[in-house]
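Here's the letter readout for the chains.
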Amino acid sequence: MSMFQYIARVITMTAATVLFAAPFAAAEQGGRYWVPTTTEPATPHQRLAAKATTQNKATTQKRARSPLERTRSPLAANARLADSKAHRLILQVNTNDPAAMNLALNNATNVAQYYKDAGEKVKIEVVTFGPGLHMLRDDTSPVKARIEEMALSAPEVSFKACGNTQERMHKAENKDIPIVRQAEVVKSGVVRVMELQEKGWSYVKP
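Counting restarts for each chain: residues are numbered from 1 in the order of the written sequence. Given that the model is predicted, a residue must reach a pLDDT of at least 70 before its local features are reported, and side-chain atom pairs must reach 80 or more before they are shown or counted; all residues, however, enter totals for whole chains, interfaces and linings. Side-chain numbers here rest on the full set of heavy atoms in the structure, without hydrogens or water.

Novice: Explain a positive patch on the surface here, please?
Specialist: Where like charges cluster on the molecular surface, the positive patch consists of Arg88, Lys121, Lys123 and Lys199. In this text, helices come from DSSP runs of H or I with a minimum length of four residues, and strands from runs of E with a minimum of two, each type numbered from the N-terminal end. When you line up the elements, lysine 121 lands in the loop between helix H4 (98–118) and strand S2 (122–128). Patch criteria: residues need more than 30% relative accessible area and no salt bridge. Like-charged residues are merged within 9 Å; nonpolar side chains of Val, Leu, Ile, Met, Phe, Trp and Tyr are merged within 5 Å. Surface exposure here means Shrake-Rupley accessible area, sampled with a 1.4 Å probe, where a residue is shielded only by the protein chains that are shown. We define a salt bridge as a contact between a side-chain nitrogen of Lys or Arg and a carboxyl oxygen of Asp or Glu at a distance within 4 Å. Charge convention: Lys and Arg are scored as positive, Asp and Glu as negative, and His as well as the terminal groups of each chain are ignored. In plain terms, the charge of a residue is placed at NZ if it is Lys, CZ if Arg, CG if Asp and CD if Glu.

What follows is the structure in structure tokens.
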């Protein structure tokens, strides 16, 4: 092959390549050929690595909470813990028996002291109705002095007097029925016990 023929062949091949590449490029730009727009990891190992990267980003975003949010979580946990340690007790007195009244006060004192020593909060409510209202009557209570003392030494103990019983005694005795100032009159002693139990209070009858 002469030099002239060799040069002519090279020129011919170059021209054919240029002529073929131009239509292909135009077709590609015109959308006649599919061109991938995203890259998918080719191997399972690459796909696992990409998934791990996505999960790490999500974890980082969850951890990037504000200082206020990080502060609220421990505070909320402490509040729930404090609520779980709040103890509440109902002591019912419905008999005009000084021994039963003193037993109720003994129980209230012991429970209050127990949780005070344990560093836990407690609420104790002594509810009286029926003949037990005499426990809180200012004119007939045999434990009036003890109630006055407990009001100062054990503020976590409260006393409730049944209003229905007070009204019945008023009609029967035809006079006002005074209640000690340390006690509060409620509409119904029995209903009061029911409502406290429905709220989760523990119930004990001395």
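Novice: Would you mind going over the packing of aromatic side chains with me for this structure?
Specialist: Think of a pair of aromatic rings as described by two things: how far the centres are apart, and how the planes are tilted against each other in angle. The criterion for an aromatic pair is that two Phe, Tyr or Trp rings (for Trp, the six-membered ring) have centres within 6.5 Å, with stacked assigned to planes under 30 degrees apart, edge-to-face to planes over 60 apart and tilted to the rest. Using the criterion set out here, one finds one aromatic pair in the structure. Taking 4.9 Å as the distance between ring centres and 90° as the angle between the ring planes, the aromatic pair formed by tyrosine 114 and tyrosine 115 counts as edge-to-face. We classify tyrosine 114 as exposed; its relative accessible area is 56%. Only protein chains enter the accessibility calculation, which uses a 1.4 Å probe; a residue whose area is less than 20% of its type maximum is buried, one above 50% is exposed, and one in between is partly exposed. Take tyrosine 115: its relative accessible area is 19%, and that puts it in the buried class.

Novice: Quick question: what am I supposed to make of the environment of proline 206 here?
Specialist: Note on placement: proline 206 falls in the segment after strand S5 (202–204). Judged by its relative accessible area of 29%, proline 206 is partly exposed. Proline 206 sits 112 residues away from asparagine 94 along the chain, and the two C-alpha atoms are 9.8 Å apart.

Novice: It is not clear to me how the environment of proline 98 should be interpreted in this structure. Could you clarify?
Specialist: The residue proline 98 is located in helix H4 in this model. The sequence separation of proline 98 and proline 142 amounts to 44 residues, and the corresponding C-alpha distance is 6.3 Å.

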